[in-house]
Amino acid sequence: MAPAAAPLPSCQEEPAASSAGPPAEWRWPKVHRAGWPFVGLAAAIAILAFLFGWSPLGWLGMLTAAAIAAFFRDPERCVPPGDDLLVAPADGLVCQIAEVEVPRQLVGPDGLQEGRLTRISIFLSIFDVHVNRTPIAGTVRRIVYVPGLFLNASLDKASEDNERSYMVVEALDGTRVGVVQIAGLVARRIVSFVHQGAMLAAGQRYGLIRFGSRTDLYVPEGWVVTVRKGQRTIGGETVLARRP
C-alpha cells in the first residue's frame, strides 16, 4: 500500500490568537518539473542563436522559453477542508454540465456503477494552469488510458474520440468519484503522476495535460452541483459539488 499523502494547505480558519504576523505575500509560481525539458530546449536554441549572431531567432527562443515556463506554472493552492466537498480537478471554464451515461472505462468492481451521472466538463485553454488535482481525498482504484484523436476539447464528442485517461478515487466512506483527462486540439500528451492503489489528499497533484485540454468530473449520485456553465474554476480550490 502506498504511504499516506502529506497534508495540503487548508483554508480552515485559525484561532484569532495565532492570526497575528506578517501579511501574506504574492509569490511567483514555480515551474512544474515536467516542463523543464521544454524550457531548457527553447533556451538552448536561443543561446545558440545568439552565439551565431542570429539575434531575432535568439529573442524568439527566449520568448518561447518564457511562454513555456508560464504554461507549466504550478502555483500552490488553498484546499477547502471537508469530506463532503468535491473540488475542481483543473483550472478553466465550465463548458458543460450534463447528465450522461458513465463511460465503460470507469465502470467495474473497482470503479463506478453503470447508469447516468452528472458530468462537469472544464475546458483548459493554453493560458490556464494545466496541473490536474484530485477532487476528493481517497485511494486510486482504477486508471485506464485510451489513445485517440485530438479534436477540439470543448466538443462533446471529445469525451469519446480523443486521447484520454480515466481515474476512479474512493474516499474513506466508500464514495467513488470518476475524473477524466482529455487531450485537446493542441494537447499531445497526458501525464500521470500517480498509480493504482496510491492514497491522495484532496487537491493533490495527480497529472498534467500538455498544451490545451479538458477535464471531466463525474459527480456521485445525490451530490449537489455548486457551479454553473460559463463559470471559471481554480483547481484544488473551487467547490464543484457538495454532499447535502
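The structure reproduced in this document is the subject of the present report. (Residues numbered from 1 in each chain as written. Predicted model: local features only at pLDDT ≥ 70, side-chain atom pairs only at ≥ 80, totals over all residues. Heavy atoms only, no water.)

## Observations regarding the sheet that holds strand E9 (residues 176-183)
Read from one edge of the open sheet, eight strands run E11-E7-E8-E9-E13-E5-E4-E15, paired in antiparallel fashion. The strands lining the two open edges of the sheet, one partner per strand, are strand E11 (199-200) and strand E15 (232-233). Note that strand E5 (residues 116-124) and strand E13 (residues 213-219) share seven bridges and pair antiparallel. Paired with Phe123 across the strands is Arg214, a residue of E13. (Pairing = 2+ DSSP bridges. Helix = DSSP H or I, 4+ residues; strand = E, 2+ residues; numbered from the N terminus.)

## Describing the pairing of E5
For strand E4 (residues 92-101) and E5, the ladder comprises eight bridges, and the chain directions are antiparallel. The residue bridging Glu101 from the neighbouring strand is Arg116, located in E5.

## Thoughts on a nonpolar patch on the surface
The grouping of Leu41, Ile45, Ile47, Leu48, Leu51, Phe52, Trp54, Leu57 and Leu60 at the surface amounts to a nonpolar patch, some 980 Å² of accessible area in total. Examining the composition of the nonpolar patch, we find that five residues originate from one element, helix H1 (residues 36-51), more than from any other. Assignment of secondary structure puts Leu41 in helix H1. Residue Leu41 is classed as exposed on the basis of its relative accessible area of 54%. (Patch = residues over 30% accessible without salt bridge, like charges linked within 9 Å, V, L, I, M, F, W, Y side chains within 5 Å. Areas by Shrake-Rupley, 256 points an atom, 1.4 Å probe, with all protein chains shown as cover. Salt bridge = Lys/Arg side-chain N within 4 Å of Asp/Glu carboxyl O. Buried < 20%, exposed > 50% of the residue type's maximum accessible area, 1.4 Å probe, protein only.)

## Quick look at helix H2 (residues 55-71)
In this model, H2 (17 residues) spans 24 Å end to end at C-alpha, consistent with the 24 Å of a helix rising 1.5 Å per residue. On its buried face, H2 sits against strand E1 (30-31), H1, strand E2 (73-74) and strand E12 (205-209). (Expected span 1.5 Å × (residues − 1). Contact = heavy atoms within 4.5 Å.)

## Quick notes on the packing of aromatic side chains
Here the distance between the centres and the angle between the planes together describe a pair of aromatic rings. Scanning the entire structure with this criterion turns up four aromatic pairs. Ring geometry for Phe50 and Trp59: centres 5.3 Å apart, planes at 85°, overall edge-to-face. Residue Phe50 is classed as partly exposed on the basis of its relative accessible area of 32%. Their ring planes at 20° and their centres at 5.4 Å tell us that Phe52 and Trp54 sit as a pair that is stacked. An aromatic cluster of three or more residues is present, and its members are Phe38, Phe71 and Phe72. Here the basic side chain of Arg33 rests over the ring of Phe193, its NZ or CZ set 5.6 Å away from the ring centre. (Phe/Tyr/Trp six-rings, centres within 6.5 Å; stacked < 30°, edge-to-face > 60°. Lys NZ or Arg CZ within 6 Å of the ring centre and 35° of its normal.)

## Describing the pattern of salt bridges
Enumeration over the complete set of coordinates arrives at 12 salt bridges. Between Glu101 and Arg116 there is a salt bridge, and its shortest N-O distance comes to 3.5 Å. Pair noted here: Glu101 is in strand E4 and Arg116 is in strand E5, with a separation of 15 residues, a long-range link. Residue Glu101 is classed as partly exposed on the basis of its relative accessible area of 48%.

## A few points about the environment of Phe127
Of note, Phe127 is situated in the loop between E5 and strand E6 (131-133). Among the residues examined, Phe127 registers a relative accessible area of 66% and is labelled exposed.

## With respect to the sheet that holds strand E14 (residues 224-225)
Taking strand neighbours across the sheet as the criterion, the three strands line up as E3-E16-E14 in an open arrangement whose pairing is antiparallel. Here the strands that pair on one side only, and so sit at the sheet edges, are strand E3 (85-87) and E14. In this sheet, strand E16 (residues 239-242) lies alongside E14 in antiparallel orientation, the contact comprising two bridges. Looking at the pairing, Val225 lines up with Ala241 of E16.

## A closer look at the side chain of Gln105
Inspection of the secondary structure puts Gln105 in the loop between E4 and E5. Contact partners of Gln105, with chain neighbours within four places excluded, come to Arg142, Val144, Val146, Arg164 and Tyr166.

## Focus on H1
In this model H1 runs 22 Å from its N-terminal to its C-terminal C-alpha over 16 residues, within 8% of the 22 Å that 1.5 Å per residue would give. Looking only at H1, the buried set comprises Val39, Ala42, Ala46 and Ala49. For H1, the buried positions fall inside an angular range of 95° around the axis, keeping them on one side. The exposed residues of H1 that point more than 90 degrees off its buried face are Pro37, Leu41 and Leu51. Considering only its buried residues, H1 is in contact with H2. At the exit of H1 stands Gly53, carrying a positive phi of roughly 80°. (Arc of directions from axis to C-beta.)

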